[in-house]
Each structure stands twice: as structure tokens, then as C-alpha cells.
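As a plain string of letters, each chain reads:
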Amino acid sequence: MNRHFILSIDDKYEVKVNYFIDSEINHLFNTCDFFKIHQTERAFYFQLCKKNSEIVLGTIHFTEIASDVFKSPAKGTFGGFVIQENIEFNIYEQFIITVDDYLWRIGANRIEVIMQPMCHNPSLFSLTYNIMIRLGYVVKNHELNYNLAVDDICFSAKINHGNRKRLNKCLREGFTGQELDYSIYEQAYSVILENRTRRGFMFSMNYEQILQMVNMFPGKIKLFGVFNKNTIVCSSICVVINPLILYVYAWGDIDNMQNYSPITLLANYIYEYAQKKAFKLLDLGTSTILGEPNIGLMQFKKNLGCQESLKLFFSKDSKRMISTN
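This structure is a prediction, so every number in the text was calculated from the model and none was measured. (Residues numbered from 1 in each chain as written. Predicted model: local features only at pLDDT ≥ 70, side-chain atom pairs only at ≥ 80, totals over all residues. Heavy atoms only, no water.)

**Description of the nonpolar core**
Step number 1: With 35 residues, the main nonpolar core has Phe44, Phe46, Leu48, Phe62, Tyr92, Phe95 and Leu103 as its most contacted residues.
Step number 2: For this core, the secondary-structure elements that each account for two or more residues are β1 (5-8), β2 (13-17), β3 (43-50), β4 (56-66), α2 (89-105), β7 (110-114), α3 (122-134) and β16 (307-317).
Step number 3: Here the element with the most residues in this core is α2; it accounts for eight residues.
Step number 4: Dropping the residues within four chain positions of it, Leu103 is found in contact with Phe44, Phe46, Phe62, Phe70, Ala108 and Ile111. (Core = buried A, V, L, I, M, F, W, Y, C linked by side-chain atoms within 4.5 Å. Buried < 20%, exposed > 50% of the residue type's maximum accessible area, 1.4 Å probe, protein only. Helix = DSSP H or I, 4+ residues; strand = E, 2+ residues; numbered from the N terminus. Contact = heavy atoms within 4.5 Å.)

**With respect to the side chain of Lys311**
Step number 1: With respect to the secondary-structure elements, Lys311 resides in strand β16.
Step number 2: For Lys311, which is buried and forms no salt bridge, the nearest opposite charge comes from Asp283, at a distance of 7.1 Å.
Step number 3: A distance of 2.9 Å separates a polar side-chain atom of Lys311 from the backbone oxygen of Thr77. (Lys, Arg positive; Asp, Glu negative; His and termini not counted. Salt bridge = Lys/Arg side-chain N within 4 Å of Asp/Glu carboxyl O. Polar contact = N/O pair within 3.5 Å; in protein donor to acceptor, adjacent residues only side chain to side chain.)

**Observations concerning the packing of aromatic side chains**
To describe a pair of aromatic rings, you give the distance between the ring centres and the angle between the ring planes.
Step number 1: According to the stated counting rule, one finds 25 aromatic pairs in the structure shown.
Step number 2: Plain terms: the ring middles of Phe5 and Tyr102 are 5.2 Å apart, the flat faces sit at 40° to each other, and that makes the pair tilted. Of this pair, Phe5 sits in strand β1 while Tyr102 sits in helix α2; the two residues are 97 residues apart in sequence, bridging distant segments of the chain.
Step number 3: Ring geometry for Phe29 and Phe78: centres 5.1 Å apart, planes at 90°, overall edge-to-face. Here Phe29 is found in the loop between β2 and α1 (32-38), whereas its partner Phe78 is found in the loop between β5 (69-72) and β6 (82-83), with 49 residues between them in sequence. Note on accessibility: Phe29 and Phe78 belong to one class, buried.
Step number 4: Cluster of aromatic residues (ring-pair linked, three or more members): Phe5, Phe44, Phe46, Phe62, Phe70 and Tyr102.
Step number 5: The ring centre of Tyr19 lies 5.1 Å from the NZ or CZ of Lys16, which sits over that ring.
Step number 6: Taking the ring centre of Phe20 as reference, the NZ or CZ of Lys36 above it sits at 4.4 Å. (Phe/Tyr/Trp six-rings, centres within 6.5 Å; stacked < 30°, edge-to-face > 60°. Lys NZ or Arg CZ within 6 Å of the ring centre and 35° of its normal.)

Structure below.
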């Protein structure tokens, strides 16, 4: 276990390192438990606090993923900074500077940060971008993320005409959506894995890793599926990012479903679930790879009523830091 210590900011604020204080402001990928799954010998969990207090105002964690290369997160969809709403800009900036300075002092050659998509918190995204760019970070990669607002409008009113026809066809044929029971998780995972393999894509997590997440974060990993009678025809793995955001990590259908497109019915069920649970945003993930667009996937998500949002990967190396001083 890495030692804990404190980095002072001023006479009011400090950064507690590896104290692992519970905080309600975190998204799932910034929680202590997620950090501990992937931490290496040199890994740091930074929390901004008022002095002599355990009230957390901000969080980020970095893990050494290669010699003197520190990344947030080591693994996971995104990490980055999480900050309490309405905190003063200069305090947030000093938090980032303090973390940045510490990593360089211990010998970092590169620092990498994968930010949350802009749609999760446009204000935080904008403030962070301003600070990071002025500190010499560059955008190493950018992706287009797709999200669907969850409100009182029904799903069928958000999607295009073709998807409404597919949705109605599935309903007429008796297809049903449901949240899945633990007993069929492996079957649901196999549907997604087969779909990815058939389309020539990798799947980044094996079934044992999915179960680890399920057990580590009770109630935060949700599996949904669509059935034709007793046969599961498509499934999804979703992650509760925070009380307002539900993330569709992966989904897929079985072969020969082109005439039905049960993914549309699955999307409808997940959207209705999000409405009932008072989520405000469905995150359907990226549709680019290293910035290059997957046109078919982009159009598929647009036809489901999604909007685009930037997701940025920041990087700064020691040579760049030296050259700007």
C-alpha cells in the first residue's frame, strides 16, 4: 500500500494523498475502490480538502503504467478531475497545479489524463481544458462521444422513422426487454462477445473481469436483455457512473437479427429504466477510434436521438515542460 501524506496549497486548502476518504462527488471510475483495482507500486489518490477537514472538494488519481509514465485512469473509460460544484476557479486551478507539480517532482516523464465526455459536465470540462492547456498539456487524442438526454419525452419520439418501425415490429412479435438476473449474466456476456467477434472488434474485458466489477460495485453494474420467448436475442452491460448518468458500456445482438433490430427495443427499455430511476443522461460511448469516425456507428446513434460530445485525452511530457519554462 502506498503511504499517505499531505500537499499544502495555502492556509485554507490542502491535498490529501492516499487517504481514501469517502466522497459523494465522485463518478465510479474515480472512486477509491476502482483506483485500488488497478494501482501499481507508484499510484496516488489525490483529494482536495479544506485544512483539518475530511470534506472532499475534488478528486483525481494517477497510476504509473510504465516507467515514469503516470495516467488517470490506469484502466477504465475515463478518469480526470472531479470537483465540487461552484468551487472557486483559483482553488480548482491550484489543485491541478499542486498535483501536476508533485508528479514532476517524483520523476514523471509523461502525464496522461482521459477526461469525462463534455456532456457529463460542460462547465467542468471547459474549466479543466482552460487550465490544462495553460499548463502545457496538449490534446493527444480526441473522440466523439454520443449521449441521449433522459427527460419526460418518450423514446419513440426521439428516434427516427426507421427505428420506430423496428421498435413496433419487435413489440408486435412479442419481444420483451428486461433487467437481467445474475443467473444469466454469462449468457448475456456471450451474446455481446459473439457480436463483437463477428464484426471484427475486440472486447476489452473478459467475463471474470465483468464479475469482479459486479461484486466490487453492488448495484452499479446493470445488465439488460431482450428476449424472443425464452431466447435472449440481445444484451447490454451498463454502468451507473453517478446518480445522474447511466453509461452503456457494451451491447450486441445475436446473428441473423437484421429483420428485427432488437437493439432498438433494448435501447427503449434502458431509456425507460433511466426515466424511472431519475437519470438525466444516457451515455452511449464513442463512435471514433483515435479520432477516426465510424460512420455507420455514428449514424446508428444519431438515429437513436443522440447528440455528439467531445472526449479528450490530455498528455504532457517532461521535454515539453522544460521547453516552455
